[in-house]
Amino acid sequence: MSAGHIIPGHRPSGPLPPNRPPAGLSAAGVPGAGPPDPLSDVLVDPQGRRLDYLRLAVTDRCNLRCRYCMPAAGVALGERDEVLSIDEMIRLGALFAGLGVRSFRITGGEPLVRRGLTTLISALGALPSAPEVLLTTNGLLLADNLDALAEAGLRRVNLSLDSLEEGTWTAITRREGFERVRAAIDLVLARGLGLKINMVVLPGWNDHELDDFVELTRERALTVRFIEPMPFLGEGRLCGPGIAGPEILARLAVAPIIEAEPIRAGAVEKLFRVPGFAGKVGIIEGHSRTFCGTCRRLRVDARGRMRTCLYGKPSAFLRPLIRSGADDASLIEAIRRAVAGRLPDGVAAEADHRRHNLESMVNIGG
Ligand code: SAM
Ligand code: SF4
């Protein structure tokens, strides 16, 4: 493959897609947006996008040191009491669910190192609106926790796995444990849980394995998602040369026969299917940011900082409010104020953030 397919530190070149509200949704809560809307309790940003998906980071600790996510020296960890307690997370989860959040993705750091995780998952799933609760994990501790997670109500798992070769995986993660993570694929499927595998494509490290990952979808009903590396190493820069989604796709041996699926509103992935294969292949253009126009995600990190964009600075700090005895109405007001200031896309959010470094994903939660 020619070097022309690698774009060092590439930036989005063309115009971003227009920001439109999801079909059938009016811009409730937006000044001057027309008659009151029955969905007025839900969170809708100034572009009319309904925000119903929350990524909740439950820890900023991790048992791996992926080189695209963390500097070799690791990241500064706060005192333990700087991290939200499980009860505080449940309280926030209930507030967000009351504001229309329908999906919680539990992330981190590595969520499975956090004590009380199954309590959190079952409490969120048991909220009156019955939101779905999802997990993103590096898989190292998955086998030991799978039964408890399934019993707590978990139905789908995203597994981060950047190589199917032990040596490459160890070089990328800077830790041991490859076999355990590799084995987690079939354990999750055997347990009847939905599975997506996330692979960050790192030119020169693992990009020779793209077809091997597609091969996983031949017999298995899972989705493999190739992710553009993003500048969240803790220093706001890429960990190496970037690669854009279309180039990733073009490199696949199956590229000529791959079929695109319709893009779901709010999805971050473009999905494809190889005819005759059981699973799917996806591309996440996290650096090109082609999906911002319909993005419906919010984030709360383990320290209680809320972000309305992965690339943006924290827009509300909920932990001090909770710990100073704020009532639900005050917390909701802080959440609404953050949503009201949401910028149109990740390029604008990054520009607004320019004087600060983009933090490591281990802090933000991906
Ligand atoms: N530790 C868990 C894991 O690895 O699945 C959850 C947290 S991790 C920050 C969430 C996701 O972010 C993972 O799929 C990881 O590969 C991805 N990620 C981390 N840093 C990234 C970067 N700089 N660019 C693209 N994806 C990144
Ligand atoms: Fe840890 Fe996940 Fe970051 Fe890897 S990507 S260092 S597993 S938080």
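Heads up: these notes are all about the structure in this document. (Residues numbered from 1 in each chain as written. Chains lettered and ligands numbered in written order. Predicted model: local features only at pLDDT ≥ 70, side-chain atom pairs only at ≥ 80, totals over all residues.)

### Observations regarding the overall build of the protein
Counting its regular elements, the protein contains 11 helices and 12 strands. Within the protein, the proportion of its 366 residues that are buried is 45%. Considering only contacts in the protein between residues 6 or more positions apart, those separated by 24 or more positions represent 74%. (Helix = DSSP H or I, 4+ residues; strand = E, 2+ residues; numbered from the N terminus. Buried ≥ 20, exposed ≤ 12 C-beta atoms within 10 Å, placed from the backbone. Contact = placed C-beta atoms within 7 Å.)

### Here's the deal with the site of ligand 2
Taken together, 13 residues sit near ligand 2, with Cys62, Leu64, Cys66, Cys69 and Asn138 positioned nearest. A per-class count over the shell around ligand 2 returns 7 nonpolar, 4 polar and 2 charged. (Near = placed C-beta within 6 Å. Nonpolar A, V, L, I, M, F, W, Y, C, P; charged D, E, K, R; others polar.)

### What to know about helix α1 (residues 86–98)
The end-to-end C-alpha distance of α1 is 18 Å, a good match for the 18 Å that 13 residues give at a rise of 1.5 Å each. For α1, the set of buried residues is Met89, Leu92, Gly93 and Phe96. Down the axis of α1, the smallest arc covering the buried residues is 105 degrees, so these residues share one side. Looking at the buried side of α1, the elements it contacts are β1 (53–57), β2 (103–107), α2 (117–125), β10 (297–300) and α8 (318–323). Phi for Gly100, located one or two positions after α1, is positive at around 95 degrees. (Expected span 1.5 Å × (residues − 1). Arc of directions from axis to C-beta.)

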